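Take a look at the letters that make up each chain.
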Amino acid sequence: MSVVAMLFFIVVLLFALLAAAALLTWVERRLLAWWQDRYGPNRAGPFGILQAFADVIKILLKEDWIPPLADKPVFVIAPAIVAVTMLLGFAIVPLAPGLVIADLNVALLFFFAMTGLSVYSVTFAGWASNNNYSLLGSLRTAAQMISYEVFMLLSLVGVVILAGSFRLTDIVDAQRGMWFFVPQFVGLVVFFLAAIAETHRLPFDLPEAEHELVAGYHTEYSGMKFGLFFLGEYLGMMLSSAMIVTLFFGGWLGPPFLPPIVWFLLKTAFFVCLYLLLRAALPRPRYDQLMGYAWKFLLPVALLNIVVTGAIVVATRSPAEVGS
Amino acid sequence: MIDERSIAAAKRAQTSERTRSESWLWSQVAVLLSQIRSMAEVFLHGFRRRETIQYPEEKPYLAPRFRGRIVLTRDPDGNERCVACYLCAVACPVDCISLQKTEDETGRWYPEWFRINFSRCIYCGLCEEACPTYAIQLTPDFEMSEYDRRNMVYEKEHLLISGTGKYPGYSFYRVAGRAIGGKDKGEAENEAPPVDVRGLMP
Ligand code: SF4
Ligand code: SF4
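Since the model is a prediction, treat every value here as computed from it, not as a measurement.

Thresholds applied
- Residues numbered from 1 in each chain as written.
- Chains lettered and ligands numbered in written order.
- Predicted model: local features only at pLDDT ≥ 70, side-chain atom pairs only at ≥ 80, totals over all residues.
- Heavy atoms only, no water.
- Axes fitted to C-alpha atoms, helices over the stretch in contact; angles between N-to-C directions.
- Helix = DSSP H or I, 4+ residues; strand = E, 2+ residues; numbered from the N terminus.
- Parallel < 35°, antiparallel > 145°, perpendicular 65-115°, else oblique.
- Left-handed = near helix turned anticlockwise from the far one by under 90°.
- Contact = heavy atoms within 4.5 Å.
- Nonpolar A, V, L, I, M, F, W, Y, C, P; charged D, E, K, R; others polar.
- Buried area = accessible area lost by both parts, 1.4 Å probe.
- Salt bridge = Lys/Arg side-chain N within 4 Å of Asp/Glu carboxyl O.
- Core = buried A, V, L, I, M, F, W, Y, C linked by side-chain atoms within 4.5 Å.
- Buried < 20%, exposed > 50% of the residue type's maximum accessible area, 1.4 Å probe, protein only.
- Phe/Tyr/Trp six-rings, centres within 6.5 Å; stacked < 30°, edge-to-face > 60°.
- Lys NZ or Arg CZ within 6 Å of the ring centre and 35° of its normal.
- 1 Å grid on protein atoms, 1.4 Å probe; cavity = no way out; pocket = protein on both sides within 12 Å on 5 of 7 lines; lining within 4 Å.
- Points joined across faces, edges and corners; volume = space filled by probe spheres on them.

1. What about the packing of helix H4 (residues 107-129) of chain A against helix H9 (residues 223-248) of chain A?
All names here are of chain A.
At step 1: H9 packs onto H4 with a crossing angle of 160° between their chain directions and a minimal axis gap of 12 Å. Taken as axis vectors, H4 and H9 run roughly antiparallel relative to one another. Helix-helix and strand crossings are classified by hand; for H4 and H9 the assignment is left-handed. The residues of H9 that touch H4, namely those facing Leu-108, Phe-111, Ser-121 and Ala-125, are Phe-229, Leu-239, Met-243 and Leu-247.
At step 2: Residue composition of the contact of H4 with H9, grouped by class: 7 nonpolar, 1 polar and no charged.

Here's what the structure looks like:
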């Protein structure tokens, strides 16, 4: 792509993502209502779709208050970090053949770098707010995200072994024969659980568990700063859905009666809905259960997955193939 | 010395250790499965009947004794029932009724003004229970929202209706023993003429 076309693509993607995140609030409320025998917001515009924009306008007009005892610069920068890192994460997601901002050969590592950086947002927010609930919430988040990141990475080693590359377009191409969710089913389950914990969506939203921590790390936030946290959360949800699709469900691949980008978007939308269904259906675990599950169950399973995948690959492929 | 008992105990401990770790693994799997099941059940809820009543278009059912907007009723002759006894104002737990008693030339009491602040009223119905004349009554109407809070204060002309409300035939002065213009002592319904307590005749 030429530089102009690339810039145009970046701008379009940026606006599309922001609009999608705003719209997702409406989708989430409608779907939750649908699963709870209600209607949800259905008044503003057709099917209530303008509700999302009404919410955006409202949150932009809200008073933006910084608590007097807060550490101001850190307090202000924290919500920006999560939104920026999540947006940057989309730079490596291939929407369709050739339709990717940065086709890095270490794309997967870039993705982990971005999710890793977003931990700072939460820790900064909790520390700078100067509020007990915020601090406890951010401590929890830091512990949760760091431990789930460990085997989020490990769960993908199987995929990398099979594809032989960290480049996402190569990984998608390697799935032409069979989507990786079949040979890497264990990896998929582990990655999915870890992705929920990473974006601290329900049921793993202990960092902001209302019943014990008020609102966790964003207790003191209001107005658009709070909105940015929300934006980051929804972007994270979309990013991890897109990653699941790219890594396990063949990315843009699909029967040729639809263009590749439509396949990609459809699959991503399916996983976003799955995220919402999780929120509607499951209660949150206790914090020690969450951590115990991570270290005692998911970590061994992820390690086992690597060993088994590696053994099978070594046993079935010729040494030249493995070496390449 | 290793006797049989200690060997058996050691074996028991070993097996229980193993079953414990096995059952822990199974419980983890069972947890996963049960969560998938509850997800499926919640998903199926999408195809149930909606519980929501789409309010402005679709009206909810209101029971006949639903307690809503308060009215002041009139007796069958068309006169105000309220005799300004203040009992409702006393009974009201949130003190939202206020009124001022006055009298006409025949000695009949009535409220000079009568005011209910509906932004405070909790629709408990205690005023209705306290009222000796059935004057104050709650009706099944709740659609009284306002943009300005001050408009929630209803004056007597807003409260007074032309009918008798829930108690059609009742008129307080017709049954009360009080002398009032055109009706002397002993002339009320079911009332005996007054006894001359100083007279000697039985
Ligand atoms: S209904 Fe209850 S709160 Fe309302 S005016 Fe009567 S006594 Fe007061
Ligand atoms: S409404 Fe009833 S209770 Fe209240 S002052 Fe009038 S007569 Fe008395």
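Structure shown, so let's carry the discussion forward.
2. Description of the interface of chain B and chain A
At step 1: Contact residues are listed per partner, giving 21 residues for chain B and 17 residues for chain A.
At step 2: Each partner contributes to the roughly 1800 Å² buried at the junction of chain B and chain A, and carbon and sulfur atoms together form 63% of this total.
At step 3: Among the residues chain B hides against chain A, the three largest losses belong to B:Met39, B:Val42 and B:Arg50. Together they make up 31% of the total.
At step 4: As a salt-bridge pair, B:Arg50 and A:Asp37 come within 4.0 Å of each other at their nearest N and O atoms.

3. Topic: the nonpolar core
Here is a general trend for soluble globular proteins: nonpolar side chains tend to be buried in one another's company.
Residue and element names in this part refer to chain A.
At step 1: Judged by nonpolar contacts, the single largest core of 87 residues is most densely connected at Leu-108, Tyr-148, Phe-151, Phe-191, Met-243, Leu-247 and Phe-248.
At step 2: Looking at which element gives the most residues to this core, the answer is H9, with 13 residues.
At step 3: Setting aside residues no more than four positions away along its own chain, Phe-248 makes contact with Leu-156, Val-159, Gln-175, Trp-179, Phe-180, Phe-181, Gln-184, Gly-187, Leu-188 and Phe-191.

4. Looking at the packing of aromatic side chains
At step 1: For the structure shown, the criterion picks out 28 aromatic pairs over all chains.
At step 2: Between A:Trp179 and A:Phe249 the ring centres are 6.5 Å apart and the planes differ by 70°, which places this aromatic pair in the edge-to-face class. Within this pair, whereas A:Trp179 is found in the loop between helix H6 (168-174) and helix H7 (185-198), its partner A:Phe249 is found in the loop between H9 and helix H10 (260-281), the two being separated by 70 residues in sequence.
At step 3: Classification of A:Trp179 by relative accessible area gives partly exposed; the value is 28%.
At step 4: Each ring, one from B:Tyr134 and one from B:Tyr167, has its centre 3.8 Å from the other, and the planes form 10°; the classification is stacked. Linking B:Tyr134 in the loop between helix H3 (126-130) and strand S4 (136-138) with B:Tyr167 in the loop between helix H4 (156-159) and helix H5 (172-175), this pair joins segments that are 33 residues apart in sequence.
At step 5: With a relative accessible area of 32%, B:Tyr134 lands in the partly exposed category.
At step 6: Taking the relative accessible area as the measure of exposure, B:Tyr167 reaches 30% and is therefore partly exposed.
At step 7: A network of ring pairs unites the aromatic residues A:Trp179, A:Phe181, A:Phe249, A:Phe270 and A:Phe271 as a single cluster.
At step 8: Between A:Arg140 and the ring centre of A:Tyr287, over which it is positioned, the NZ or CZ distance is 5.1 Å.
At step 9: The cationic tip of B:Lys101 hangs over the ring face of B:Trp109; the distance from NZ or CZ to the ring centre is 4.1 Å.

5. What about the layout of surface pockets?
At step 1: Within this model, the largest pocket holds a volume of roughly 1100 Å³.
At step 2: Lining the largest pocket we find 35 residues, and of these A:Val189, A:Phe192, A:Leu193, B:Leu32 and B:Ile36 sit closest to its centre.
At step 3: Listed by contribution, the elements that provide at least two residues to the lining of the largest pocket are H7, H10 and helix H11 (287-316) of chain A together with helix H1 (4-44) of chain B.
At step 4: The leading source of residues in the lining of the largest pocket is H1(B), at 9 residues.
At step 5: Classifying every residue of the lining of the largest pocket gives 32 nonpolar, 3 polar and no charged.
At step 6: A volume near 580 Å³ is recorded for the second largest pocket.
At step 7: In this structure, the second largest pocket is lined by 21 residues; those nearest its centre are A:Asp55, A:Val56, A:Ile59, A:Gly227 and A:Phe230.
At step 8: Of all the elements in the fold, those that place two or more residues in the lining of the second largest pocket are helix H1 (3-35), helix H2 (51-61) and H9 of chain A.
At step 9: Looking at the lining of the second largest pocket residue by residue, the classes come out as 14 nonpolar, 3 polar and 4 charged.

6. A few points about the environment of A:Ala107
All names here are of chain A.
At step 1: Assignment of secondary structure puts Ala-107 in helix H4.
At step 2: Taking the relative accessible area as the measure of exposure, Ala-107 reaches 1% and is therefore buried.
At step 3: Separated by 60 residues in the primary sequence, Ala-107 and Arg-167 place their C-alpha atoms 5.4 Å from one another.
At step 4: Dropping the residues within four chain positions of it, Ala-107 is found in contact with Ile-92, Phe-166 and Leu-168.

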